[in-house]
Amino acid sequence: MSGDITLARFDDVLEHFDPVMGIEVHVELNTRTKMFCGCATTFGAPPNTQVCPVCIGLPGSMPAVNQKAVESAIRLGLALHCRIAERCTFARKNYFYPDLSKNYQISQYEDPIDQDGYLDVELEDGTIFRVEIERAHMEEDAAKNTHVGGATGRIQGADYTLVDYNRGGMPLIEIVTKPITGAGARAPEVARAYVAALREVVLALGISDARMEQGSLRADVNLSLRPKAADAAAQAKVPFGKRSETKNVNSLRAIERAVRYEIRRQGALLAAGQLVTQETRHWHEDSEETSPGRSKEQAEDYRYFPEPDLLPIEPDRAWVEELRAALPEMPAVKRARLKAEWGFTDREMLAAVNAGAVDLIEATVAAGAGPAGARKWWLGELARVANEREVDLVDLPVTPVDVAQVEALIGAGRITDKLARQVLAGVMAGEGTPEQVVAARGLEVVSDDAALLEAVDAALAAQPDVAEAIKAGRVQAAGAIVGAVMKATRGQADAARVRELILQRVGA
Amino acid sequence: MSAISRDEVARVAALARLSVPPEELDKLAEQLDSIVEAVRVVSEAAGGDVPATSHPIPLVNVFRADEVRPSLSVDQALLAAPAREADQFKVPQILGEEP
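Small disclaimer: the values here were computed from a predicted structure and weren't measured.

A. Representation of the overall build of chain B. Scanning chain B from N- to C-terminus turns up 3 helices and 3 strands. For 99 residues, the compact-globule formula gives about 13 Å, and the C-alpha radius of gyration of chain B, at 22 Å, lies well above that figure. With the C-alpha coordinates aligned to their principal axes, the bounding extent of chain B is approximately 55 × 45 × 25 Å. Of all 99 residues assigned to chain B, the portion counted as buried reaches 7%.

B. Region of the structure containing the overall build of chain A. What chain A contains, in helices and strands, is 19 helices and 15 strands. For chain A, whose C-alpha radius of gyration is 30 Å, the value lies well above the compact-globule estimate of 23 Å for 508 residues. Here the C-alpha coordinates of chain A stretch approximately 95 × 55 × 50 Å along the principal axes. A burial count over chain A gives 41% of its 508 residues as buried. A separation of at least 24 residues holds for 70% of the contacts in chain A among residues at least 6 apart in sequence.

C. Here's a closer look at the sheet that holds strand β15 (residues 305-306) of chain A. All names here are of chain A. Ordered by their spatial adjacency, 3 strands build an open sheet running β5-β4-β15, and the pairing between neighbours is antiparallel. Each edge of the sheet is formed by a strand with only one pairing partner; in this case those strands are β5 (104-107) and β15. Here strand β4 (residues 91-94) pairs with β5 via 4 bridges, running antiparallel. Paired with Asn94 across the strands is Tyr104, a residue of β5.

D. Spatial organisation of the interface of chain A and chain B. Facing 44 residues of chain A, the contacting portion of chain B comprises 32 residues. Secondary structure elements with two or more residues in the side of chain A that touches chain B: β2 (65-66), α2 (67-79), β9 (160-164) and β14 (289-295) of chain A. Looking at which element gives the most residues to the side of chain A that touches chain B, the answer is β9(A), with 5 residues. The class makeup of the residues in the side of chain A that touches chain B is 24 nonpolar, 11 polar and 9 charged. With 2 bridges connecting them, β2(A) and strand β1 (residues 63-64) of chain B associate as parallel partners. Paired with A:Val65 across the bridge in β1(B) is B:Phe63.

E. Structural detail: the nonpolar core. All names here are of chain A. Grouped together as the largest cluster of nonpolar side chains are 85 residues, with contacts concentrated most on Met21, Ala191, Tyr194 and Val221. A total of 9 residues in this core trace back to one element, the largest contributor, which is helix α3 (residues 187-205). Beyond its immediate sequence surroundings of up to four residues, Ala191 is in contact with Met21, Ile23, Val221, Ile255, Glu256 and Val259. Counting 47 residues, the second largest nonpolar core, distinct from the first, contains Ala352, Val406, Ala420 and Ile481.

F. Representation of unusual backbone geometry in the model. All names here are of chain A. Positioned with a positive phi, Asp116 is a non-glycine residue whose angle comes to about 50°. Mapped onto the elements of the fold, Asp116 is located in strand β6 (residues 114-122). When the 14 C-beta atoms within 10 Å are taken as the criterion, Asp116 is described as partly exposed.

G. Just helix α15 (residues 434-441) of chain A, in detail. All names here are of chain A. What α15 keeps buried is the set Pro434, Val437 and Val438. The arc that holds the buried residues of α15, viewed along the axis, is 100°, so those residues lie on one side. Positioned one or two residues after α15, Gly442 has a phi angle of 60°, which is positive.

H. Highlighting the domain arrangement of chain A. When the domains of chain A are assigned, the result is domain 1 (10-41 + 69-141 + 169-318), domain 2 (329-441) and domain 3 (449-506). Its C-alpha centre places domain 2 of chain A at a distance of 33 Å from the equivalent point of domain 3 of chain A.

I. Just the sheet that holds β9(A), in detail. Spatially, 4 strands are ordered β8(A)-β9(A)-β3(B)-β2(B) in an open sheet, and the strand pairing comes out antiparallel. Each edge of the open sheet is held by one strand with a lone partner, namely β8 (144-148) of chain A together with β2 (84-85) of chain B. In the sheet, β8(A) pairs with β9(A) via 5 bridges, with the strands oriented antiparallel. Following the sheet pairing, A:His147 is matched in β9(A) by A:Thr161.

Parameters and conventions
- Residues numbered from 1 in each chain as written.
- Chains lettered and ligands numbered in written order.
- Predicted model: local features only at pLDDT ≥ 70, side-chain atom pairs only at ≥ 80, totals over all residues.
- Helix = DSSP H or I, 4+ residues; strand = E, 2+ residues; numbered from the N terminus.
- Rg over C-alpha atoms; globule rule 2.2 N^0.38 Å.
- Buried ≥ 20, exposed ≤ 12 C-beta atoms within 10 Å, placed from the backbone.
- Contact = placed C-beta atoms within 7 Å.
- Pairing = 2+ DSSP bridges.
- Nonpolar A, V, L, I, M, F, W, Y, C, P; charged D, E, K, R; others polar.
- Core = buried A, V, L, I, M, F, W, Y, C linked by C-beta atoms within 7 Å.
- Arc of directions from axis to C-beta.
- Domains from an automatic or database assignment.

See the structure below:
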């Protein structure tokens with residue numbers, strides 16, 4: 001697409017420059033109704049079926065603030081350690097585009113509801129990186145435009161545009177960071193980890209579905225480079241460079257890639273003595289590139305002014321404290337607690353987190369299994385199956401209760417680890433609970449010594465030379481007989497017990 | 001000396017997507033200036049002890065419960081659309097970029 005763009009090597013850029021990021025995340029709230037009207041917010045409804053005079057901007061219509069959306073904004077602010085404004089107002093952000101029927105978006109400008117917070121972000125190696133939050137404010141979403149015709153289906157060359165206002169007026173919270181400095185070569189990882197951590201907080205609060213692929217969580221990444229200084233104190237005095245704002249970054253992976261790409265693109269420009277243009281760029285998931293959009297200086301003049309149709313909000317302090325007291329445990333705090341409770345090592349906990357298995361292990365433990373056993377199944381056999389099927393662990397057709405039951409069966413000596421794999425396979429094949437699978441498939445361990453002895457005798461008789469060797473003291477030769485017995489019992493014998501019986505039998 | 005310059009009028013016109021012939025810029029600057037002048041009288045009347053407000057009634061915290069109310073039908077919604085295709089508003093090709 002943009003074949004004339006030169007990219008520098010990432011490491012080369014980082015040798016000479018210090019990246020500075022600013023991340024804006026839009027979270028679409030999961031309230032039942034829109035921000036300023038009573039229209040439903042169901043995702044995927046047929047076009048223009050969830051619209052009314054307010055959200056299509058008919059003259060004379062009046063907005064009314066959704067209290068639940070305000071509550072969600074306050075709860076998010078509290079979770080991000082923000083100050084909740086004593087008084088905040090709405091403002092009109094004016095621009096002309098068909099996705100805004102009123103020619104302005106109702107947003108907040110000078111006095112956002114959430115101010116000055118932070119989010120501690122855990123990086124892959126366990127390092128904690130603090131991202132400072134500048135503000136989080138409430139606003140309404142824009143409508144969905146579909147550009148029809150033209151060569152590319154995008155804006156350039158489109159013949160006309162179709163507008164669906166269902167999304168128009170949906171409640172959004174936009175969370176804006178302060179400039180993120182000091183990340184250095186880890187900037188791409190920090191950006192990704194921040195959005196991932198923010199998404200976890202939003203999910204823990206239950207205020208949004210936060211599905212990046214559906215656009216209910218969207219990230220814009222600002223990035224600039226400044227000359228690298230000798231130390232942190234000197235670095236802090238170096239002014240920021242010109243920044244680009246990359247939009248349309250719709251997956252965690254894309255955030256990391258987009259930051260990396262912009263570091264390399266801007267690095268190449270600066271190394272060649274050229275200037276970075278302050279502009280909006282679009283991320284293209286297919287080609288993993290950004291391409292220029294508007295030039296910022298020209299476009300960013302929204303002529304904000306106070307929204308005369310809405311009254312100020314002065315969140316009642318008792319209400320705020322009530323919401324604070326009722327906040328759920330935050331994911332990072334919860335992970336630290338569980339790690340201690342479960343006695344996992346850093347490595348084990350990290351593996352559980354990366355596999356998306358923490359909640360599953362927690363539920364399995366709650367259903368009666370030991371933490372080590374729960375971890376073994378979710379990160380072992382089940383992770384293998386999930387990987388094979390290319391699905392997430394949580395989407396496997398097996399529940400924590402099933403896994404706990406399998407562990408109980410093993411603990412009672414009724415099945416072995418090996419049989420447990422077959423039991424889990426049966427559960428995932430829809431054959432019922434582990435108990436039902438064991439019964440239906442006849443997987444129970446053969447614990448009847450008489451039956452085992454019969455198989456042992458047969459195996460010894462079939463391999464007299466091995467029997468002699470064991471008798472002569474070569475105990476390890478018993479392995480061959482154990483194997484034969486296991487085969488004869490279709491794996492349903494307890495190998496340790498079989499070994500004991502063999503040794504008894506030959507009198508070794 | 002007018003408070004509103006010719007350039008400002010051109011800029012605001014561009015932001016508002018209005019096409020203003022160059023020969024009208026000075027006249028509009030003058031007219032806008034007199035409007036701003038009239039409003040200035042109000043800011044003189046309000047002393048420093050009067051807080052700025054966007055609303056004449058001192059009310060706060062007027063909320064709506066998060067309860068779904070009926071929407072318009074698609075046909076009602078599209079009644080005043082300049083053009084329609086299937087159940088969507090159809091508008092001309094858009095110049096420039098999405099904000």
